[in-house]
Each structure stands twice: as C-alpha cells, then as structure tokens.
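Overview (structure and organization)
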Amino acid sequence: MALETRGSMFMLQRVRADLDRLTPEQALAEQQRGAMLIDLRTNTHRAASAIIPGSLVIDLTVLPWRLDPTFEYRIPEATDWDNRYILFCRHGYSSSLAAWNLRQLGLSRATDLVGGFDAWVEAGLPTTTGPADERP
C-alpha cells in the first residue's frame, strides 16, 4: 500500500516536522522565562473549561496580524521577530498549523504545545477560571 501524500493528517505531519514542539512542562518553563502562551481555542471551548494563567487569547483568524511586529494593529507585546510564541488549542492540531504559518511569516521561534490544553490539564499544570486576557 502506498504512503498517503495528501489530506489533513499528511499536512499536519509535514508541518510538525518543522516545529520544535513542546511538552506542557517545557512550555511552562519557557513561559516562566518570558515566552508568550497564546490560546487559540474557540470561545465555546474556553467557556467550558479553565484558562492557563498568563496566556493571551487571540482569535486564529487575526493571529498573524496581531503578532507581526511591523503591523499597525499588532498587540503591544509583538515587538520583535524573535519573540517566542507558544500556541495551543484544545488538542494541538490547529496550533501546529498556526505555528507553522507564523514561521512562514518570519516569526521563526513560534511553536506549539503537544497535546494542547488537554495535555496541560492532564499534566496537572496551573489553570484558572479568572478572566482571560483577550486580544481581539
């Protein structure tokens, strides 16, 4: 049987080969050293669970523009092409594609969290039900 060379899972494998994906513990350590955790989960998923303390919520549809240090409507923290952004979604699929897209944009240190928010919770890492830091 031939190896499938098309479809969403094939693309995901190709994209992930270019990322230095992080475990939840590694992501927490990098956040403590200044990396920004970016929550890409839908409003529905966030409303049904907690959030990661210190993470920023940015909608996937505006993500490249909010993190581009040259764009007029970037977030205030998007000051350098070398910023470390660690993206996460619910399970780690959308975040992998988004991190790869950011790398294509020039944000070469963008990556994602293996297993997404669910893996963070399974690892017993901190969460909060406080208000999210949403960046529209």
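Cut-offs used in this document
Residues numbered from 1 in each chain as written. Predicted model: local features only at pLDDT ≥ 70, side-chain atom pairs only at ≥ 80, totals over all residues. Heavy atoms only, no water. Helix = DSSP H or I, 4+ residues; strand = E, 2+ residues; numbered from the N terminus. Rg over C-alpha atoms; globule rule 2.2 N^0.38 Å. Buried < 20%, exposed > 50% of the residue type's maximum accessible area, 1.4 Å probe, protein only. Areas by Shrake-Rupley, 256 points an atom, 1.4 Å probe, with all protein chains shown as cover. Lys, Arg positive; Asp, Glu negative; His and termini not counted. Charge placed at Lys NZ, Arg CZ, Asp CG, Glu CD. Pairing = 2+ DSSP bridges. Right-handed = clockwise from strand over helix to strand, strands pointing away. UniProt positions renumbered as here; feature names shortened; annotations may be inferred. Expected span 1.5 Å × (residues − 1). Arc of directions from axis to C-beta. Contact = heavy atoms within 4.5 Å.

**Some remarks on the overall build of the protein chain**
Helix and strand counts for the protein chain stand at 6 helices and 5 strands. Along the protein chain, helices and strands appear, N-terminal first, in the series α-α-β-α-β-α-β-α-β-α-β. On C-alpha atoms alone, the protein chain measures out to a radius of gyration of 15 Å, which is about the 14 Å that the 2.2 N^0.38 rule sets for 136 residues. Taking the principal axes of its C-alpha atoms as reference, the protein chain extends roughly 50 × 35 × 30 Å. Within the protein chain, the proportion of its 136 residues that are buried is 40%. Surface accessibility of the protein chain: about 7,600 Å² in total, with carbon and sulfur atoms responsible for 53%. Looking at charge distribution, the protein chain has the averaged site of its 14 positive side-chain charges lying 3 Å from that of its 17 negative ones.

**With respect to the pairing of strand E3 (residues 85-88)**
Side chains Tyr85 and Leu87 project from E3 onto one buried face, and the interleaved Ile86 and Phe88 project onto a second face that is buried too. Note that strand E1 (residues 36-39) and E3 share 4 bridges and pair parallel. Each residue of the ladder has a partner; that of Asp39, found in E3, is Phe88. Relative to strand E4 (residues 111-112), E3 is paired through 2 bridges, and the arrangement is parallel. Considered in E4, the bridge of Leu87 is made with Asp112. For the segment spanning E3, helix H5 (residues 94-105) and E4, crossover handedness is right-handed.

**A short note on the UniProt feature "domain: Rhodanese" (unreviewed entry) in the protein chain**
Mapped onto this numbering, the UniProt entry annotates "domain: Rhodanese" (unreviewed entry) at residues 31-129. Overall, residues 31-129 shows 31% helix and 12% strand. The separation of its end C-alpha atoms is 19 Å.

**Regarding H5**
Across its 12 residues, H5 extends 17 Å between first and last C-alpha, which sits within 8% of the 16 Å expected from 1.5 Å per residue. For H5, the complete set of buried residues consists of Ser95, Ser96, Ala98, Ala99 and Leu102. Projected down its long axis, H5 carries its buried residues within an arc of 165°, all on one side. Looking at the buried residues of H5, the elements they touch are helix H1 (8-16), helix H4 (63-67), E3 and E4. Positive backbone phi, at 125°, marks Gly106, one or two positions downstream of H5.

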